[in-house]
Amino acid sequence: MDDITASVVELYQQYPYPTYGNHSDYFETFLQPVMEEVGPLSTLLEAGCGTGCVTVDLAAAMPATKIVAFDLSEPSLAYARALMRQREVTNAHVERRNFLDANDDLRGFDFVYCHGVLQTLSDTALGARRLFEFVRPGGHVYVWTYATLGRRELQDLRESLRILRIGPDHPDRLDLVRTLAPEHFARKVYRENMPADESLIHLHDVVYHPHDLDFRVDQLYDLFEGTGFDVVRLVEANGEPWPSVAAMPWSPEVKDLAAGLPQRQRDALIELTLKPAGFGVLLRRP
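On a predicted model such as this, the values are computed, not experimentally measured, just so you know.

Asks: Please explain helix H12 (residues 263–274) as it appears in this structure.
Replies: Residues separated by three or four positions in an α-helix point in the same direction, a consequence of the helix having 3.6 residues per turn. Taking 1.5 Å as the rise per residue, H12 with 12 residues should run 16 Å; its terminal C-alpha atoms sit 16 Å apart, in good agreement. Phi for Lys275, located one or two positions after H12, is positive at around 50°.

Asks: Looking at this structure, I do not really get the sheet that holds strand S7 (residues 240–241). What am I missing?
Replies: Two strands in a sheet stick together by hydrogen bonds in their backbones, pointing the same way (parallel) or opposite ways (antiparallel). Pairing is mixed across the open sheet formed by 8 strands, whose spatial order is S3-S2-S1-S4-S5-S8-S6-S7. Looking at which strands have only one partner, the edges of the open sheet turn out to be strand S3 (92–96) and S7. Sheet topology places strand S4 (residues 109–115) next to strand S5 (residues 135–146); 6 bridges connect them, and they run parallel. Within S5, the residue paired with Cys114 across the bridge is Val143. Helix-sheet contacts for helix H4 (residues 74–86) involve strand S2 (66–71) and S3, and the interaxial angle to S3 is about 165°.

Asks: Can you walk me through the layout of surface pockets in this structure?
Replies: The method is simple in principle: a probe with the dimensions of a water molecule rolls over the atoms, and the space it marks as empty is what remains. In this structure, the second largest pocket occupies an estimated 180 Å³ of space. Together, Ser7, Glu10, Leu11, Gln14, Tyr15, Pro168, Asp169, His204, Tyr208 and Pro210 line the second largest pocket. Looking at the lining of the second largest pocket element by element, the count peaks at 4 residues for helix H1 (residues 3–14).

What counts, and where the lines are drawn
- Residues numbered from 1 in each chain as written.
- Predicted model: local features only at pLDDT ≥ 70, side-chain atom pairs only at ≥ 80, totals over all residues.
- Heavy atoms only, no water.
- Helix = DSSP H or I, 4+ residues; strand = E, 2+ residues; numbered from the N terminus.
- Expected span 1.5 Å × (residues − 1).
- Pairing = 2+ DSSP bridges.
- Contact = heavy atoms within 4.5 Å.
- Axes fitted to C-alpha atoms, helices over the stretch in contact; angles between N-to-C directions.
- 1 Å grid on protein atoms, 1.4 Å probe; cavity = no way out; pocket = protein on both sides within 12 Å on 5 of 7 lines; lining within 4 Å.
- Points joined across faces, edges and corners; volume = space filled by probe spheres on them.

Honestly, it's all geometry; don't read function into it.
Okay, structure coming up:
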């Protein structure tokens, strides 16, 4: 295990994430419709399942689908196993795996789901190749990862914390970060009525993460097309469906110009207006 991977595992050993649901109903809103679109699915792999909050929803929604989920954090997996017992899940199981290992026995899945993991890997190109290996020809992969343009406030906050020497072990870090963060960002990071221990988990995942990259649209196309995937489409950003050119707040003249562009350039142009903090991307292995 390399140093970056070890630091990420250490984070989630101490702060298993998430413990409060499936990313604000992300599964029902975005993932389930995509799976219904490309299905039926006999097999599904969740690559980097964390605490299993989405795994149990996948299992409940698709009782006839065989689901395998893996993660490298044993405390997260313990949480996932307990959640699966509580929900009486019988068509899914979790395993401890390193994403970047060969994992030759994890091949040929109909669908692979990978949420918030690719950006934490020490080698993103190798991570994309692993995703390609996991899925069968003609199968689909759904990836969610961070986006550059919408994360400027977070990077500014991190710089402020470095200047003030408010590190991840500072006893008052929760209150101090709340004070430093813009109000709307603080509301997003520290949800209403969230207990302090869960706020700390979210704080360390979002603000004090030891290695979380972000991407521009062109970088994602380069990464995935260079691996061999077809980029089917961007599905969402900032918790909203990825818009069409017609839905953008542009003049008719700009919309006409944009409509004639290739998909990749249309997406790059939309990105510049939306300035998203994250992308959901649907891929297909030819």
